[in-house]
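For reference, the chains in residue letters:
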Amino acid sequence: MEIKIALAGNPNSGKTTLFNNLTGSRQRVGNWPGVTVEKKEGSLKGRNDVTIQDLPGIYSLSPYSLEEVVSRNYLVNEKPDAILNIVDGTNIERNLYLTTQLLELGIPVVVAVNMIDLVERNGDKIDLDKLSKELDCPVIAISALKGKGTKEAAQKAIEVAGSHQVAAIPSIYDKMVLSALSNIESVLGSQIDTSMARWYSVKVFERDERIDEILKLSADQTSKIEPIIKKVEEVMDDDAESIITSQRYDFIGKIVSHAVKKKGSKHELSI
Ligand code: GDP
Ligand code: K
Ligand code: MG
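What comes next is a walk through the structure. (Residues numbered from 1 in each chain as written. Chains lettered and ligands numbered in written order. Predicted model: local features only at pLDDT ≥ 70, side-chain atom pairs only at ≥ 80, totals over all residues. Heavy atoms only, no water.)

## With respect to the pairing of strand β2 (residues 27–31)
Right, so step 1: Taken together, the 5 bridges between β2 and strand β3 (residues 38–44) define a ladder with antiparallel strand orientation. Residue Val-29 lies in a different strand from β3, and its bridge partner there is Lys-40.
Right, so step 2: What sits between the antiparallel neighbours β2 and β3 is a turn of 6 residues, in which Gly-34 has the positive phi angle 80°. (Pairing = 2+ DSSP bridges. Helix = DSSP H or I, 4+ residues; strand = E, 2+ residues; numbered from the N terminus.)

Shown next, in the form of structure tokens:
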């Protein structure tokens, strides 16, 4: 059986370098259907049964750019067996924002912390075990440029793909938001796949317009969901989308302060 691994990460995180390292010259290049965003896939060296799907470089899975929409449609609709999330280790706070979204998709994720050669050269330290515990997914240090750790990262992605486990969801949100999300999940009910409940409830909470098109909520559902969102907005005095964004950043700030030590300072500054 074919194993599909999606390669996802921010622009300039080293995606192309990693993709070339993993696939060699065994690549097919085209466009995503209907749009002029480049689509590249290739098979893993030595494994004809493993396809690596390169996704456009993105900072987020919001619906604001073509690249984001292409990536999220692929992840949500095609459901790859695993996501290999490449993260620039020299700019970890910013890169982990996308990671927090990928972890909610119900697809097993492996985080590859790239540019580890630069991280080491700078004298910075990343505690991979801590990062892995707090993200609740495997984390592997790599240098795509030097070909270090890349095989292990791909192997780990194959491993989690084979295990068919539902991706763990780290504790990003506070109690009030969590309770709103779980109430929204109840209203959505069996309409959504259990493994994707968190993804959809967050998107509904954020009032993501494209999710509306997909779920086609009934008037009854909308009348139940809107007060759930409004109540949180009133208490937190912020709009729902900003509430989610700022809780993601708080979560990342906390992780980074625990797991990343920049040379010459005891703690990494949070963002
Ligand atoms: P993409 O935009 O995510 O596809 O990133 P690229 O693969 O084009 O890489 C961006 C830049 O980072 C290029 O100049 C790469 O040579 C460099 N790069 C990628 N991986 C590494 C790495 O592990 N270490 C170092 N030092 N540079 C890297
Ligand atoms: K680039
Ligand atoms: Mg690239």
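Don't stop here, the text continues.
## Considering helix α11 (residues 240–259)
Right, so step 1: The terminal C-alpha atoms of α11, which comprises 20 residues, lie 29 Å apart, in line with the 28 Å expected from a rise of 1.5 Å per residue.
Right, so step 2: All of the buried residues in α11 are Ala-240, Ile-243, Ile-244, Gln-247, Arg-248, Phe-251, Ile-252, Gly-253, Ile-255, Val-256 and Ala-259. (Expected span 1.5 Å × (residues − 1). Buried < 20%, exposed > 50% of the residue type's maximum accessible area, 1.4 Å probe, protein only.)

## Structural notes on the pattern of salt bridges
Right, so step 1: Scanning all chains against the criterion turns up 13 salt bridges.
Right, so step 2: Where Glu-41 meets Arg-28, a salt bridge forms, and the shortest distance between an N and an O atom there is 3.2 Å. Remark: Arg-28 occurs in strand β2 and Glu-41 occurs in strand β3; sequence separation between them is 13 residues.
Right, so step 3: Between Lys-224 and Asp-220 there is a salt bridge whose closest N-O contact spans 3.1 Å. Taken together, the positions of Lys-224 and Asp-220, both in helix α10 (residues 219–236) and 4 residues apart, correspond to about one turn of that helix.
Right, so step 4: It is possible to trace a salt-bridge network through shared partners that takes in Arg-207, Glu-226, Lys-230 and Glu-233. (Salt bridge = Lys/Arg side-chain N within 4 Å of Asp/Glu carboxyl O.)

## Side note on the side chain of Arg-248
Right, so step 1: Mapped onto the elements, Arg-248 comes out in helix α11.
Right, so step 2: Its relative accessible area of 0% is what places Arg-248 among the buried residues.
Right, so step 3: Not counting residues up to four positions away in its chain, the partners in contact with Arg-248 are Tyr-97, Thr-100, Gln-101, Glu-104, Ile-172, Tyr-173 and Val-202. (Contact = heavy atoms within 4.5 Å.)

## Let's talk about the pairing of strand β4 (residues 47–54)
Right, so step 1: Examined bridge by bridge, strand β1 (residues 3–9) and β4 share 5 bridges and lie parallel to one another. Across the sheet, residue Ile-5 finds its bridge partner in β4, namely Ile-52.
Right, so step 2: Here β3 runs beside β4; their pairing, made up of 5 bridges, is antiparallel. Across the sheet, Ser-43 pairs through a bridge with Thr-51, a residue of β4.
Right, so step 3: The antiparallel hairpin formed by β3 and β4 contains 2 residues in its connecting segment, where Gly-46 sits at a positive phi of about 80°.

## Here we look at the nonpolar core
Right, so step 1: In terms of nonpolar packing, the biggest core is built from 62 residues, with Leu-75, Leu-105, Leu-131 and Leu-135 touching the most fellow members.
Right, so step 2: Structurally, this core is a two-domain feature, drawing no fewer than three residues from each of domain 1 (3–161) and domain 2 (175–237).
Right, so step 3: Setting aside residues no more than four positions away along its own chain, Leu-135 makes contact with Leu-96, Thr-99, Leu-103, Val-111, Pro-170, Phe-251 and Ile-255.
Right, so step 4: Counting 23 residues, the second largest nonpolar core, distinct from the first, contains Phe-19, Leu-22, Leu-44 and Val-50. (Core = buried A, V, L, I, M, F, W, Y, C linked by side-chain atoms within 4.5 Å. Domains from an automatic or database assignment.)

## Considering the sheet that holds strand β6 (residues 109–114)
Right, so step 1: Read across the sheet, 7 strands follow the order β2-β3-β4-β1-β5-β6-β8 without closing on themselves; strand pairing throughout is mixed. Unpaired on one side and paired on the other, β2 and β8 (139–141) mark the two borders of the sheet. Taken pair by pair, the neighbouring strands of this sheet meet at an average axis angle of 25°, ignoring direction.
Right, so step 2: Sheet analysis places strand β5 (residues 82–88) next to β6, joined by 6 bridges and oriented parallel. Residue pairing for β6: Asp-88 is matched across the bridge by Asn-114. (Axes fitted to C-alpha atoms, helices over the stretch in contact; angles between N-to-C directions.)

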